[in-house]
Amino acid sequence: MTNSDSIGGSPLPSQRHLFEIPDDVAFLNCAYISPLPKASLIAGNQGLRRKAQPWTIAPADFFTSSEAVRKLFADLVNAQADDIAFAPSVSYGMAQAAHNIPIRKTQSIVTLSEQFPSNVYPWMDLAERTGVAFVSVPRPGDDDWTSALLSFIDGSTGIVAVPHCHWTDGGLIDLEAIGTACRSVGAALCVDATQSVGALPLDVKRVDADFVGVAGYKWLLGPYSLGFLYVAPRWQRGRPIEHNWIARKDSEDFAGLVNYSHEFQGGARRFDVGERSNFALMPAAEASLKLVSGWTVPRILETLRLRTEAIAQRARSEFGITSVPARRRAGHYLGLRFTGGIPSDLPMRLAAANVYVSVRGQAMRVTPHLWNTDDDVEKLFAVLKTALS
Ligand SMILES: Cc1ncc(COP(=O)(O)O)c(C=O)c1O
């Protein structure tokens, strides 16, 4: 996906009223953890309360909210509900992928340098267990991750495990080009789209990814530890890393659970994490996903693209601070680069002023969302002005 995907989306007005954010807090850190929307908090509280009165929980409730959430997430990535499994974390999802993709000793696993660990450690582990080569594509000087990555994909590549945009600074990877290259050499493509789905369009069918893991607590505005794994239809007869009762055929019949089944529920459901019907988190995730899909991803992207681009330009003109050029950056995501490194007292000064950003690698991430206002941006620049002059 490229920034041109935002065309067609008109910017949205501030949605701050839907969140519990005090006026003096400038939270520009969605890439860290999004605030839970008020509606999701209410839904989550109601869900948690049901556990105090378990007689209100019917067997059907183990299925209804999860299936609604599965469909809401599937719609965001142009998949079918059947293609989606629940994974509490990206590392869990990638463990499922690593458990299923066959690899030969002569092949390699390709990742990006400084990539988020949850899409690295499972592959390092697979490389250690199988003796295949583990390759980390060096950071390109021109921020063109796509060309750099393409130059590493060849006949010996078995698995490509990459993000949709780099978590440190938003550097964009053209997944359709990578998907085409993977197919041409017979490699599997495993994507960590945690820092994009919900804010940047991702069409898993066009990319033709094999597995896509997404944590739910950032751009999906959901609760912690409820995430997703897209599983391409070609892997849906695979072997899950754990075996739980609800993933088996006819698990709706609680009395019949004593009759063990060797068959699974349909599609990717066999990969669902155990106790996936989380009565507190699932309704909260449902409320969050409804908000995101109501706003629509193109409109979210356009709003955030305008916001991050304005911050990038101002940071450059007022302080000489650089960032990944707009054409190579995911529109919703910004990492600021300081000549000579990030001043050591800057994060502390920002936090003292109630301005929240995060430092990852060499970049200071500034990742606003729809709760942000022009005033939040003014607060950021006021601190930069005192800290850098
Ligand atoms: C790119 C990316 N992937 C995944 C995660 C979270 O990983 P996990 O769900 O395995 O804890 C993060 C958290 O910062 C992230 O930035």
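Residues numbered from 1 in each chain as written. Predicted model: local features only at pLDDT ≥ 70, side-chain atom pairs only at ≥ 80, totals over all residues. Heavy atoms only, no water.

Caption draft 1: Local environment of the site of the ligand. Around the ligand, the neighbouring residues are S89, V90, S91, F116, S118, W167, D192, T194, Q195, A215, Y217 and K218. Here an oxygen atom of the ligand sits 2.9 Å away from a polar atom, N or O, in the side chain of Q195. Contact distances for the ligand include 2.7 Å between an oxygen atom and a side-chain N or O atom of K218. For the ligand, the accessible surface in isolation is 400 Å², of which the surrounding protein chains cover 89%. A class-by-class count of the residues in the shell around the ligand yields five nonpolar, five polar and two charged. (Near = heavy atom within 4 Å. Polar contact = N/O pair within 3.5 Å; in protein donor to acceptor, adjacent residues only side chain to side chain. Areas by Shrake-Rupley, 256 points an atom, 1.4 Å probe, with all protein chains shown as cover. Nonpolar A, V, L, I, M, F, W, Y, C, P; charged D, E, K, R; others polar.)

Caption draft 2: Geometry of the confidence of the model for the protein. On average, the protein scores 96 in pLDDT, and the residues at 70 or more come to 98%. Segment residues 1-6 is flagged for pLDDT under 50; beyond a separation of four residues in sequence, or across chains, it makes 22 contacts in the model. (pLDDT = per-residue confidence, 0-100. Contact = heavy atoms within 4.5 Å.)

Caption draft 3: Local environment of the environment of P88. Topologically, P88 is positioned in the loop between β2 (84-87) and α3 (90-100). Among the residues examined, P88 registers a relative accessible area of 28% and is labelled partly exposed. (Helix = DSSP H or I, 4+ residues; strand = E, 2+ residues; numbered from the N terminus. Buried < 20%, exposed > 50% of the residue type's maximum accessible area, 1.4 Å probe, protein only.)

Caption draft 4: Examining the pattern of salt bridges more closely. Evaluated as defined, the whole model comprises 27 salt bridges. The network of salt bridges with common partners includes E67, R70, D82, R269, D272 and R276. (Salt bridge = Lys/Arg side-chain N within 4 Å of Asp/Glu carboxyl O.)

Caption draft 5: Region of interest: the sheet that holds strand β12 (residues 363-365). Spatially, the three strands line up as an open sheet ordered β9-β12-β11, and their pairing is antiparallel. For this open sheet the edge positions go to β9 (335-336) and β11 (358-360), each flanked by a neighbour on one side alone. Bridging between β11 and β12 involves three bridges; their strand directions are antiparallel. For V359, the partnering residue across the bridge sits in β12 and is M364. (Pairing = 2+ DSSP bridges.)

Caption draft 6: Looking closely at unusual backbone geometry. A positive phi angle, near 65 degrees, is found at E114, a position not held by glycine. The topology assignment puts E114 in the loop between β3 (108-112) and α4 (121-130). A residue is classified by how much of its surface remains accessible, and E114, at 41% relative accessible area, is partly exposed. One non-glycine residue with positive phi stands out, namely D208, at about 55 degrees. For D208, the position within the fold is in the loop between α7 (204-207) and β7 (211-214). Its relative accessible area of 24% is what places D208 among the partly exposed residues.

Caption draft 7: Spotlight on the nonpolar core. Formed by 94 residues in total, the largest nonpolar core has its most connected members in W123 and L149. Element by element, the count of residues in this core is highest for helix α8 (residues 281-295), at six residues. Leaving out residues up to four positions away in the same chain, L149 has contacts with V110, L112, V137, V160, V162, I173 and I178. (Core = buried A, V, L, I, M, F, W, Y, C linked by side-chain atoms within 4.5 Å.)

Caption draft 8: Broad picture of the environment of V355. Take V355: it is sitting in strand β10 (residues 355-356). With near-sequence residues (within four places) excluded, V355 lies in contact with A26, L28, L350, K379, L380 and V383.

Caption draft 9: View of the sheet that holds β2. With mixed pairing, the seven strands of this open sheet are ordered in space as β2-β8-β7-β6-β5-β3-β4. Each of the sheet's edge strands pairs with one partner strand only, and the pair in question is β2 and β4 (133-137). Sheet twist, expressed as the average angle between the axes of neighbouring strands with direction ignored, equals 20 degrees. Against the sheet, helix α2 (residues 61-76) touches β2, β7 and β8 (227-231), its axis set at about 110 degrees to β2. (Axes fitted to C-alpha atoms, helices over the stretch in contact; angles between N-to-C directions.)

Caption draft 10: View of the environment of N29. Inspection of the secondary structure assignment puts N29 in the loop between β1 (26-27) and α1 (38-50). Along the primary structure N29 and V366 are separated by 337 residues, whereas in three dimensions their C-alpha atoms are 6.1 Å apart. Discounting chain neighbours no more than four positions away, the residues touching N29 are Y356, V357, S358, R365 and T367. For N29, the side chain forms a polar contact with the main-chain oxygen of V357, separated by 3.2 Å. Among the polar contacts made by the side chain of N29, one reaches the side chain of S358 at a distance of 2.8 Å.

Caption draft 11: Here's a closer look at α3. With eight of 11 residues buried, α3 lies mostly within the body of the structure. Those residues of α3 that fall on the buried side of the exposure criterion are V90, Y92, G93, M94, Q96, A97, A98 and N100. Check the buried side of α3 and you find it contacts β2, α4, β6 (188-192), β7 and β8.

Caption draft 12: Structural detail: the side chain of S288. Residue placement: S288 occurs in helix α8. Accessibility expressed as a relative area gives 0% for S288, which makes it buried. Here L221 takes part through its backbone oxygen, which lies 2.7 Å from a polar atom of the side chain of S288. For S288, the residues in contact, after removing those within four places along its chain, are L36, P37, S40, L220, L221 and G222.

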